[in-house]
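As a plain string of letters, each chain reads:
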Protein chains: 2
Amino acid sequence: MATTSRAERPPRRSRAERRADSIRQILDSAEELFAERGFHGVSLKDIAAHAGVHHTLVHYYFDDKNALVDAVFARRAPVSSKRRADALEAYEEACGGTPTVEGALHAFLDSDFELYLEHQEEWKHALALGAQVANTPDWGADIMEKHFDPVVRRLIELLKRALPGCSEADLFWGYHFVTGAFMLTLARTGRIDALSGGVCRSDDLLAAKQRMAEFMAAGFHAIAAQGGEGAASDRSLP
Amino acid sequence: MATTSRAERPPRRSRAERRADSIRQILDSAEELFAERGFHGVSLKDIAAHAGVHHTLVHYYFDDKNALVDAVFARRAPVSSKRRADALEAYEEACGGTPTVEGALHAFLDSDFELYLEHQEEWKHALALGAQVANTPDWGADIMEKHFDPVVRRLIELLKRALPGCSEADLFWGYHFVTGAFMLTLARTGRIDALSGGVCRSDDLLAAKQRMAEFMAAGFHAIAAQGGEGAASDRSLP
DNA sequence: ATTATCTATAGATCTATAGATAATGC
DNA sequence: ATTATCTATAGATCTATAGATAATGC
């Protein structure tokens, strides 16, 4: 409101603050655009324009496009994985030595759902990007392995204890089904909206959360009970 | 073996045959490369080089890149959908008016699994491309809707009859989980191979087929039984 | 003096098209 | 005569870098 002449306007942000700002805006824009269009569908210039910075700044702060996408992941994945590991650990203690499939899946899935439900603005693009990476063969197999496999292995160990008679192959295929359903959910493609004529919405992750763990737990019980029948193709292994 | 001078070599392929050959090779290459790297990850020049044709031929036969990917889909999707529709219809007759979730899912899923298991060379890239499109928000929502939604609606109708007490929202979310797991399976990203230390293989779709329908059917039963509990978020609808 | 940002540009690659050439088929 | 294929090229866009400028902070 007060008339502030341009020359007198005090510097509001320190050098370090401006640096951090630029970096954050580049990472935010990269996260959002990569999540929408994939790695190859976005140019560095698109990202710079979306971030409101000069396009050469992207190269000033990040070596190249690959380093940028790595940095985008490095900012989010450890937070998600840590919360998950904590949730699994808390459940492991709470269950008193007798874990259930339902309990393990709730701990594993709900911590990510809650990131969306409680911090939607901050996390919605990160989760969608994770989903896209998980489903893309060429880029991101390494990323998934590096950032997520350790905590997934912990889930599998819990499931093994909850289903002692279940074969390893059944456990891994069951996890595979879970992650496929989960990643499509986080991707929020909008298809369920059109298909259901508005009965369901892609961005209603509360509805997904309320169904997913129970749905998948029942699936595990079913293939564990089915037992040896599924072993036919396993015999082809050495 | 016989010495055939270049001038005398008889024309082996008619004009129409060569035309069809070129088109097929462009479509095959586009299908394979799009499936591996996504729409934006492949240039028309990459496709022409892979097909062994001059890069301008791609424009001669297809208007532009979008028309090419549409043509790739138009060649496969109706075949897959027709088989599925036939399988669902056959099951509907065979079940004698009392369909089960297991039966409907087997009919729906196994017809695509069998395309892979029985015609692997011809179909493996097409199925992986379908998977990639299904999981990508920006391109392909229309494609999925146009080519696949009619037969999906038929599946939903069957499931509704198999689970008369189940809410519409539960049915659509259940289908959503099925398609997420199914698409990740068809994508064959290789992640389950690394995660399981070789116990499971991405390309062992027989193993997936032997587990998926039973797993998912149990999931439907579980959320149908859970019933009203999941309805909390549905109340937000008009 | 240091460093965040911008100017200018190289060099590669991409989609697309106009027009020439060469092979088929009447 | 028709049409499949190739030559040549336009025009846009992309990643990346060298070097200049301008703002901060000592």
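Residues numbered from 1 in each chain as written. Chains lettered and ligands numbered in written order. Predicted model: local features only at pLDDT ≥ 70, side-chain atom pairs only at ≥ 80, totals over all residues. Heavy atoms only, no water.

Draft legend 1. The protein's contact with DNA strand D, seen in detail. Around DNA strand D lies a shell of 21 residues, among which Arg-15 and Leu-44 of chain A together with Arg-19, His-54 and Tyr-60 of chain B are the nearest. Sugar plus phosphate: this is where 64% of the atoms of DNA strand D within 4 Å of the protein reside. Between DNA strand D and Arg-19 of chain B there is a distance of 2.5 Å, counted from a phosphate oxygen to a side-chain nitrogen or oxygen. For DNA strand D, a phosphate oxygen lies 3.4 Å from a polar atom in the backbone of His-54 of chain B. Mapped onto the surface near DNA strand D, the elements with two or more residues apiece are α1 (15-37), α2 (44-51) and α3 (55-61) of chain A together with α1 (15-37) and α3 (55-61) of chain B. For the surface near DNA strand D, the leading source of residues is α3 of chain B, giving four residues. (Near = heavy atom within 4 Å. Polar contact = N/O pair within 3.5 Å; in protein donor to acceptor, adjacent residues only side chain to side chain. Helix = DSSP H or I, 4+ residues; strand = E, 2+ residues; numbered from the N terminus.)

Draft legend 2. Fine view of the side chain of Glu-31 of chain A. Residues and elements named next belong to chain A. Relative to the elements of secondary structure, Glu-31 occurs in helix α1. Looking at Glu-31, its side chain comes within polar contact range of the side chain of Arg-75, at 3.5 Å. Apart from the residues lying within four places of it in its own chain, the contact partners of Glu-31 are Val-72, Arg-75, Arg-76, Glu-122, His-125, Ala-126 and Leu-129. (Contact = heavy atoms within 4.5 Å.)

Draft legend 3. View of the nonpolar core. Residues Leu-68 of chain A together with Leu-68 of chain B are the most contacted members of the largest nonpolar core, which totals 160 residues. Look past the residues within four positions of Leu-68 of chain B in its chain and what remains in contact with it is Ile-26, Leu-27, Ala-30, Phe-34, Leu-44, Ile-47, Val-58 and Phe-62 of chain B. (Core = buried A, V, L, I, M, F, W, Y, C linked by side-chain atoms within 4.5 Å. Buried < 20%, exposed > 50% of the residue type's maximum accessible area, 1.4 Å probe, protein only.)

Draft legend 4. Focus on the packing of aromatic side chains. Under the criterion given, the structure shown has 14 aromatic pairs over all chains. The interplanar angle of 85° and the centroid separation of 6.1 Å between the aromatic rings of Phe-108 of chain A and Tyr-175 of chain A together place this pair among those described as edge-to-face. Here Tyr-175 of chain A lies in helix α8 (residues 168-187) and Phe-108 of chain A lies in helix α5 (residues 101-118), a separation of 67 residues in the sequence. The same class applies to Phe-108 of chain A as to Tyr-175 of chain A, namely buried. Through successive ring pairs, a cluster of aromatic residues spans Trp-173, Phe-177 and Phe-220 of chain A together with Phe-215 of chain B. In this structure, Arg-84 of chain A is placed above the aromatic ring of Phe-108 of chain A, and the distance from its NZ or CZ to the ring centre is 3.8 Å. Sitting over the face of the ring of Phe-39 of chain B, Lys-65 of chain B holds its NZ or CZ atom 4.7 Å from the ring centroid. (Phe/Tyr/Trp six-rings, centres within 6.5 Å; stacked < 30°, edge-to-face > 60°. Lys NZ or Arg CZ within 6 Å of the ring centre and 35° of its normal.)

Nothing here speaks to function; it is all geometry.
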